[in-house]
Amino acid sequence: MIKIALALFVLLTAVAYTVWLERKVVGRIQNRWGPTRVGPFGLLQPAADGIKFLFKEDLTPPHVYKPLYIAAPMIAVVFALTSIALIPVGNDVTIAGYRIPLQIADVNIGLLIVLGITSLGVYGIALSGWSSNSKYSLLGGLRASAQMISYEIALGLSLVGVLILAGSLNLRTIVEGQAGHFWHWNILGGGQFIAFFIYMMAAYAETNRIPFDLPEAETELVAGYHTEYSAMKFAMFFMAEYANMVTVACLASLLFLGGWSGPLFGPAIVKAILPVLWFCLRIFVFLFIYIWVRGTLPRFRYDQLMSFGWKFLLPLAIANLVITAFIVAVRS
């Protein structure tokens, strides 16, 4: 229970300050300041936004299907937050003679469960569009659902090469297989740089981020599947999006970038903390690239989005899988 409470606190804090980081970085890219008023450097802006959402009037449009209208944002945020339970963040630590793994649930098929949990979030998006009884929301929900389902295939296939190299679905085993120097990481030593590219592209589309944020395009003057939501229900969709970004960054670090591996030095307590710091640093870099891309690239058209997923990423993922399997078979 302590680990669950701590993991939720850290994840929700990371979600809040990823929003702050995005506003600051994109502001700098666009020659603006970003948040500066609330707290030093605007650091209390996430708290102010949270309070605003809590006390804002929660409007429910007439003619919505209330049970699913209310359940949809809950489904999205619950599945987005649940996946963090399977993510290991460092080596085991020993406290008062007890060996404590820095992970809530160490499961042999951890990666499969994470992919299964995160893929269920599409139900929240599809149901929110349908239950809102709005044509704009329905179209946004359908586009988002088609986009997420399409890119899940390429994302899943991009990870199979890593699984062939590791011989396991256990996230700790995958990280341990990359132990040592950085050239042992799967992106380099495993030759999975193409898989990493596919994973990144599919991750942008999975989380509905620029240049793949077609369901909530500003040029269409509507928000997409959450057009009819306000107050805390809208905030739940926001939280789910950024929590999924953190989960995607965690998986990228574990599967391709060596997880928490890095140089260890100093006393025992420092050596226990350093792996967590290396892991968090990789997550930060991945999230920064997420934000950088948002401030740099233009948006795709919807037909370009679907063509890129089905006609380019999917064949590329299959080719990478075949080549990786061939190389592993020759080596063995």
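Refer to the structure above for everything that follows.
Below, the structure is looked at part by part. Nothing here was measured: the structure is a model prediction, and the numbers come from that model.

1. Description of the overall build of the protein
Summing up its helical and strand segments, the protein has 11 helices and two strands in all. Seen in sequence order, the protein has helices and strands lined up from the N terminus as α-α-α-β-β-α-α-α-α-α-α-α-α. Relative to the globule expectation of 20 Å for 332 residues, the C-alpha radius of gyration of the protein, 20 Å, shows essentially globular dimensions. Taking the principal axes of the C-alpha coordinates as reference, the protein spans close to 60 × 50 × 45 Å. Counting across all 332 residues of the protein, residues that qualify as buried make up 44%.

2. Observations regarding the packing of helix H6 (residues 135–166) against helix H8 (residues 193–206)
At a closest axis distance of 8 Å, the pairing of H6 and H8 adopts a crossing angle of 155 degrees. Of the possible angle classes, the one that applies to H6 and H8 is roughly antiparallel. The two elements H6 and H8 meet at a crossing, and its hand is left-handed. Contact residues: H6 offers Gln 147, Met 148, Ile 149, Tyr 151, Glu 152, Ala 154, Leu 155, Ser 158 and Leu 159, while H8 offers Ala 195, Ile 198, Tyr 199, Met 201, Ala 202, Ala 203, Ala 205 and Glu 206. Classifying every residue of the contact of H6 with H8 gives 13 nonpolar, two polar and two charged.

3. Side note on helix H2 (residues 45–55)
For H2, the full list of buried residues reads Gln 45, Pro 46, Asp 49 and Phe 53. Looking down the long axis of H2, one finds its buried residues gathered within 100 degrees of arc, a one-sided arrangement. Exposed residues pointing more than 90 degrees away from the buried face of H2 are listed as Ile 51, Leu 54 and Phe 55. Those residues of H2 that are buried are in contact with helix H1 (2–29) and helix H9 (231–256).

4. Remarks on H6
In a regular helix each residue adds 1.5 Å, so 32 residues correspond to 46 Å; H6 covers 46 Å between its end C-alpha atoms and thus fits that length. Two residues or fewer after H6 comes Gly 167, characterised by a positive phi angle close to 70 degrees.

5. Brief notes about unusual backbone geometry
In terms of backbone geometry, most residues other than glycine have negative phi values and most peptide bonds are trans. Notably, Phe 41 is not glycine yet its phi reads approximately 60 degrees, a positive angle. One can find Phe 41 in the loop between H1 and H2. At His 63, a position not held by glycine, the phi torsion is positive, near 75 degrees. In this structure, His 63 sits in the loop between H2 and helix H3 (66–82).

6. Looking at the pattern of salt bridges
When their charged atoms lie close together, side chains carrying opposite charge are able to pair. Under the criterion given, the structure shown has six salt bridges. Put simply, Arg 209 and Glu 241 hold a salt bridge, and the shortest N to O gap is 3.3 Å. Linking Arg 209 in the loop between H8 and H9 with Glu 241 in helix H9, this pair joins segments that are 32 residues apart in sequence. A relative accessible area of 2% means that Arg 209 is categorised as buried. With relative accessibility at 11%, the residue Glu 241 sits in the buried group.

7. A look at a nonpolar patch on the surface
Together, Ile 29, Leu 281, Phe 284, Val 285, Phe 288 and Trp 292 make up a nonpolar patch on the protein surface, roughly 550 Å² of accessible area in all. Top element by residues in the nonpolar patch is helix H10 (residues 268–294). It accounts for five residues. Tracing the chain through its elements places Phe 288 in helix H10.

8. Considerations on the nonpolar core
If you look at the biggest cluster of nonpolar residues, it comprises 72 residues, and the most contacted ones within it are Ile 87, Tyr 199, Leu 255, Phe 256 and Phe 286. Here this core takes 14 residues from H9, the largest share from any one element. Counting five residues, the second-largest nonpolar core is a separate cluster that includes Trp 20, Leu 21, Val 25 and Val 26.

9. Observations concerning the packing of aromatic side chains
Using the criterion set out here, one finds 17 aromatic pairs in the structure. Taking 6.4 Å as the distance between ring centres and 70 degrees as the angle between the ring planes, the aromatic pair formed by Phe 196 and Phe 286 counts as edge-to-face. With Phe 196 in helix H8 and Phe 286 in helix H10, this residue pair connects regions lying 90 residues apart in the sequence. Accessibility expressed as a relative area gives 5% for Phe 286, which makes it buried. Aromatic rings pair up to connect Phe 196, Tyr 199, Tyr 204, Phe 256, Phe 286 and Tyr 290 into one cluster. The ring centre of Phe 53 lies 4.8 Å from the NZ or CZ of Lys 52, which sits over that ring. It is Arg 143 that lies over the ring of Tyr 302; its NZ or CZ is 5.1 Å from the centre.

Conventions used here
- Residues numbered from 1 in each chain as written.
- Predicted model: local features only at pLDDT ≥ 70, side-chain atom pairs only at ≥ 80, totals over all residues.
- Heavy atoms only, no water.
- Helix = DSSP H or I, 4+ residues; strand = E, 2+ residues; numbered from the N terminus.
- Rg over C-alpha atoms; globule rule 2.2 N^0.38 Å.
- Buried < 20%, exposed > 50% of the residue type's maximum accessible area, 1.4 Å probe, protein only.
- Axes fitted to C-alpha atoms, helices over the stretch in contact; angles between N-to-C directions.
- Parallel < 35°, antiparallel > 145°, perpendicular 65-115°, else oblique.
- Left-handed = near helix turned anticlockwise from the far one by under 90°.
- Contact = heavy atoms within 4.5 Å.
- Nonpolar A, V, L, I, M, F, W, Y, C, P; charged D, E, K, R; others polar.
- Arc of directions from axis to C-beta.
- Expected span 1.5 Å × (residues − 1).
- Salt bridge = Lys/Arg side-chain N within 4 Å of Asp/Glu carboxyl O.
- Patch = residues over 30% accessible without salt bridge, like charges linked within 9 Å, V, L, I, M, F, W, Y side chains within 5 Å.
- Areas by Shrake-Rupley, 256 points an atom, 1.4 Å probe, with all protein chains shown as cover.
- Core = buried A, V, L, I, M, F, W, Y, C linked by side-chain atoms within 4.5 Å.
- Phe/Tyr/Trp six-rings, centres within 6.5 Å; stacked < 30°, edge-to-face > 60°.
- Lys NZ or Arg CZ within 6 Å of the ring centre and 35° of its normal.

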